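# Architecture at a glance
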Amino acid sequence: MAKHVEAPQAAGRQPALASLLEVSQALTGANELRTALQRVLERLGRYHGVVRGTVTLLDPDTGHLVIEACIGLSAEGRRVRYRIGEGITGRVVQSGKPVLVPQVSREPLFLHRAHRRPRSGDPEISFLCLPILLRRKPVGALGVELVFLPERDFEEEQRLFGVIAAMIGQALAAQRLREHERRRLLEENTTLRQELRERYDFSNIIGTSSPMRQVYEQVHQVASTQTTVLIHGESGTGKELIAQAIHYNSTRAKKPFIKVNCAALPENLIESELFGYEKGAFTGALTRKRGRFELAEGGTLLLDEIGELNPSTQVKLLRVLQEREFERVGGTETLKANVRLIAATNKDLETAIAEKSFREDLYYRLNVFSLFIPPLRERKSDLLLLADHFVARYAREHGKNIKRISTPAIDMLVSYHWPGNVRELENTIERAVLVCEGSAIHGHHLPPTLQTAEASGTSATASLDEAVQQFEKDILLDTLKSTRGNRAKAARLLRTTERILNYKVSKYEIDCSRFRG
């Protein structure tokens, strides 16, 4: 009959240590757990005379025990499944205790499901089954069949195979941890890619003016192609945002998007940054470095401020565009470039060509599909949409409860010429959110640049009385706007009488009817 055997205290003989070393190497040397377990069983057969061996693990989806690795079984035997508590293997996993069967032919619980029953004349077999524990819970079993020998020291065998079962448990824990981390990273990667795709979707680019609708139409036309794109526009207009929208709505969306600001890199470094360099190519080149073209393999490379490229780098870039190949600095190996190129500039490249600072042939290679991003002063109808977007964004980021922009502040924003375009507007709104303590942004929250004579068209000097009157007028305008021109309600909000409010409205020549729409 089968009998439970309490695991004895660890002890061992010198020959066993050599086999344990090889088992340890097998478990740590394979990338896949199944391969590692197969190697472990093969070593048990070689060093310890195991006739048949199995590593059976619990399938968390079905709740059945499946054979993960085996030796000495037929293809049909490998497909055997057990339920928890079924047969000796099922009982070991259920109880978490090892079971020893000295003579299989005398054990009624032995199912012989994975291997046929012994025939007359077959050698007698001993069976030892040990639990594989994960966080002190049985998740599988190591089963070994040995030729029965009356003089066999089963306690010694139990000790040895118990150590091996524990090692398998540790390898299983490490493998599941790696698998969990791999799934987490994969899910995180998928989520981030989806967020990027949504973030740079055409519908998330703010602007409904006619010039921007034309830009959206052009981006939609070129995104699905492999065409080189040249984006023109002043600094701060959003050229990089448009380039990202092209990439994340193209067939290369799952590949890298690499950007390089050509103006930010010294002339002597731009070539090595773009194309990489070999070890020893120059002083300080201690190892080989991959360039941006290699990093962007299969994806998109954005060259911002391309008008700042030096002549020698322009020549190499022209070759990449023509031949789709390049060499690293100091190297002779020719590398292929499977990269879509998007270039952006705030310079007039045609003027640069006339001045001999930019190659004409490179310009025509880049200018296959040209996009012009209009400056903010030419799309004033988008200004309030952008301002509201930045208010909501930075109010949320800085934990402020700001709901709107006051009418006088809007007038100041609209009257300003915005030389820094959308980037300047974003910085202006962030500053206003930071200094605002109420629920609305007022004119005095905006930076002094917008309040100068040049920016607002007001007098360069004003008396105290004039400044107070202007502030009073701003408050009246803002309150009447919020009450849709209702003077009685505005008077209550300002904690004054309707007669005084009517006097002020008449004094400042405020037309209340314009707020009633």
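Starting afresh in each chain, residues are numbered from 1 along the sequence in its written order. At least 70 in pLDDT is required for a residue's local features to be given in this predicted model, at least 80 for side-chain atom pairs to be given and counted, and no such filter applies to totals for whole chains, interfaces and linings, which use all residues. As a rule here, side-chain values cover all heavy atoms of the structure and leave hydrogens and water aside.

## Some remarks on the packing of helix α17 (residues 464–482) against helix α19 (residues 498–507)
Comment: axis = line fitted to C-alpha atoms, over the contacting stretch for helices; angle = value between 0 and 180 degrees taken between N-to-C directions. Strands here mean DSSP runs of E at least two residues long; helices mean DSSP runs of H or I at least four residues long; both are numbered from the N terminus. At a minimum axis separation of 11 Å, α17 and α19 run at an interaxial angle of 110 degrees. Between α17 and α19, the crossing angle belongs to the class labelled roughly perpendicular. Regarding α17 and α19, the two cross each other, and that crossing is left-handed. Two secondary-structure elements touch here, α17 through Gln469, Glu472, Leu476 and Leu480 and α19 through Leu501, Lys504, Val505 and Lys507. Amino acids are sorted into nonpolar (Ala, Val, Leu, Ile, Met, Phe, Trp, Tyr, Cys and Pro), charged (Asp, Glu, Lys and Arg) and polar (every other residue, Gly among them). Split by residue class, the contact of α17 with α19 holds 4 nonpolar, 1 polar and 3 charged. In what follows, roughly perpendicular refers to angles from 65 to 115 degrees, roughly parallel to angles under 35, roughly antiparallel to angles over 145, and oblique to any angle outside these ranges. With the far helix as reference, a near helix turned anticlockwise by less than a right angle produces a left-handed crossing, and one turned clockwise produces a right-handed crossing. For this analysis, residues touch if any pair of their heavy atoms sits within 4.5 Å.

## Things to note about the packing of aromatic side chains
Any aromatic ring pair is given by two values, namely how distant the centres are and how the planes are angled relative to each other. The pairing test for Phe, Tyr and Trp rings, Trp by its six-membered ring, is centres within 6.5 Å, and the orientation test on the planes gives stacked under 30 degrees, edge-to-face over 60, and tilted for anything in between. Throughout the structure, instances matching the rule amount to 8 aromatic pairs. Look at Phe110 and Phe127: their rings are 5.1 Å apart centre to centre, the planes differ by 80 degrees, and that puts the pair in the edge-to-face class. Residue Phe110 is located in the loop between β5 (99–101) and β6 (125–134), and its partner Phe127 is located in strand β6; the two are separated by 17 residues in the primary sequence. Phe127 shares its class with Phe110; the two are buried. Arranged with centres 6.3 Å apart and planes meeting at 40 degrees, the rings of Tyr248 and Phe257 form a pair that is tilted. Each member of the pair, Tyr248 together with Phe257, is buried. Members of the aromatic cluster, connected to one another through ring pairs, are Phe275, Phe293 and Phe326. Exposure categories follow from relative accessible area, calculated using a 1.4 Å probe and restricted to protein chains: below 20% of the type maximum is buried, above 50% is exposed, and the middle band is partly exposed.

## Comments concerning the environment of Arg404
Following the sequence through the fold, Arg404 ends up in strand β15 (residues 404–405). Sequence separation between Arg404 and Ile510 is 106 residues, and the spatial gap between their C-alpha atoms is 21 Å. Among all residues touching Arg404, those that are not within four sequence positions of it are Ser439, Ala440, Ile441 and Asp478. Whenever a nitrogen or oxygen atom comes within 3.5 Å of another N or O atom, the pair is scored as a polar contact, on the condition that within protein one atom can donate a hydrogen and the other can accept it, and that pairs from neighbouring residues in sequence are kept only if both atoms are in side chains. Of note is the side chain of Arg404, whose polar atom sits 3.0 Å from the side chain of Asp478.

## So, the nonpolar core
Generally speaking, soluble globular proteins have nonpolar side chains that are buried together. Throughout, nonpolar core names a set of buried Ala, Val, Leu, Ile, Met, Phe, Trp, Tyr and Cys residues whose side chains join them through atoms within 4.5 Å. In terms of nonpolar packing, the biggest core is built from 35 residues, with Leu27, Leu44, Val55, Leu142, Phe161 and Ile164 touching the most fellow members. Elements with a contribution of two residues or more to this core: α1 (14–29), α2 (33–48), β2 (50–58), β3 (65–71), β6, β7 (137–147) and α5 (154–199). Take this core: its biggest share by element is 9 residues, from α5. Excluding its chain neighbours within four sequence positions, the residues that come into contact with Leu142 are Leu41, Thr54, Val55, Leu128, Cys129, Leu130, Ile132, Phe161, Ile164, Ala165 and Ile168. Counting residues in hydrophobic clusters, the runner-up holds 30 residues, among them Leu318, Val320, Phe326 and Ala337.

## Quick notes on helix α15 (residues 421–435)
Relative to the 21 Å expected for 15 residues at 1.5 Å per residue, α15 spans 22 Å between its end C-alpha atoms, a close match to the ideal helical length. Along α15, the residues classified as buried are Asn421, Val422, Glu424, Leu425, Glu426, Thr428, Ile429, Ala432 and Val433. Those residues of α15 that are buried lie in contact with α13 (383–397), α14 (407–415) and β16 (440–441). To estimate the expected span of a helix, count its residues, drop one, and scale the result by 1.5 Å.

## Regarding the pairing of β7
Within β7, 8 of the 11 residues are buried, which leaves it mostly tucked inside the rest of the structure. Note on pairing: DSSP must find at least two bridges between two strands before they are called paired. Pairing analysis gives 7 bridges linking β2 to β7, with the strands arranged antiparallel. Along β7, the bridge assignment pairs Thr54 with Gly143. Here β6 runs beside β7; their pairing, made up of 10 bridges, is antiparallel. Pairing of Leu134 across the sheet is with Lys137, part of β7. In sequence, β6 turns back onto β7 through a hairpin of 2 residues, with Arg135 there showing a positive phi of about 55 degrees.

## Focus on a nonpolar patch on the surface
A surface patch of nonpolar side chains, about 190 Å² in accessible area, is lined by Val51, Val147 and Leu149. Its location among the elements puts Leu149 in the loop between β7 and α5. Of the residues examined, Leu149 reaches a relative accessible area of 36% and is grouped as partly exposed. Patch members must show over 30% relative accessible area and no salt bridge, and they are joined within 9 Å when carrying like charges or within 5 Å when they are nonpolar side chains of Val, Leu, Ile, Met, Phe, Trp or Tyr. For every accessible area listed, the method is Shrake-Rupley and the probe measures 1.4 Å; residues are considered covered only by the protein chains on display. What counts as a salt bridge is simple: a side-chain nitrogen of Lys or Arg found within 4 Å of a carboxyl oxygen of Asp or Glu.

## Re unusual backbone geometry
Positive phi values are uncommon outside glycine, yet Arg135 reaches one of about 55 degrees. Mapped onto the elements of the fold, Arg135 is located in the loop between β6 and β7. Phi at Glu509 is positive, roughly 55 degrees, even though this residue is not glycine. With respect to the helices and strands, Glu509 occurs in the segment after α19.

## Remarks on the sheet that holds strand β8 (residues 229–232)
Read across the sheet, 5 strands follow the order β9-β10-β13-β8-β14 without closing on themselves; strand pairing throughout is parallel. With one partner strand each, in any of the chains shown, β9 (257–261) and β14 (369–372) form the two edges of the open sheet. Neighbour to neighbour, the strand axes of the sheet diverge by 20 degrees on average, direction disregarded. Relative to strand β10 (residues 300–304), β9 runs parallel, the two being bridged by 5 bridges. What sits directly across from Phe257, in β10, is Thr300.

## A word on the environment of Leu493
Within the secondary structure, Leu493 sits in helix α18 (residues 487–493). Take Leu493: its relative accessible area is 52%, and that puts it in the exposed class. Remark: the alpha-carbon pair of Leu493 and Leu480, spanning 13 residues in sequence, is separated by 9.8 Å.

## A word on the confidence of the model for the protein
The predicted model of the protein has a mean per-residue pLDDT of 87, with 92% of residues at 70 or higher. Every residue gets a pLDDT, meaning the predictor's confidence in that residue, from 0 to 100. When the criterion is pLDDT under 50, residues 3–12 qualifies, and its contacts beyond four places in sequence or with other chains add up to 21 contacts. Of the regions scoring below 50 in pLDDT, residues 454–460 engages in 11 contacts with residues more than four places distant in sequence or in other chains.

## A few points about the environment of Val339
Looking at the element boundaries, Val339 is found in the loop between β12 (334–336) and β13 (340–345). For the pair Val339 and Glu294, spaced 45 residues apart in sequence, the C-alpha to C-alpha distance is 8.6 Å. Once residues lying within four places of it in the same chain are set aside, the contact partners of Val339 are Arg252, Phe293, Ala296, Glu297, Gly299, Thr300, Leu301 and Arg324.

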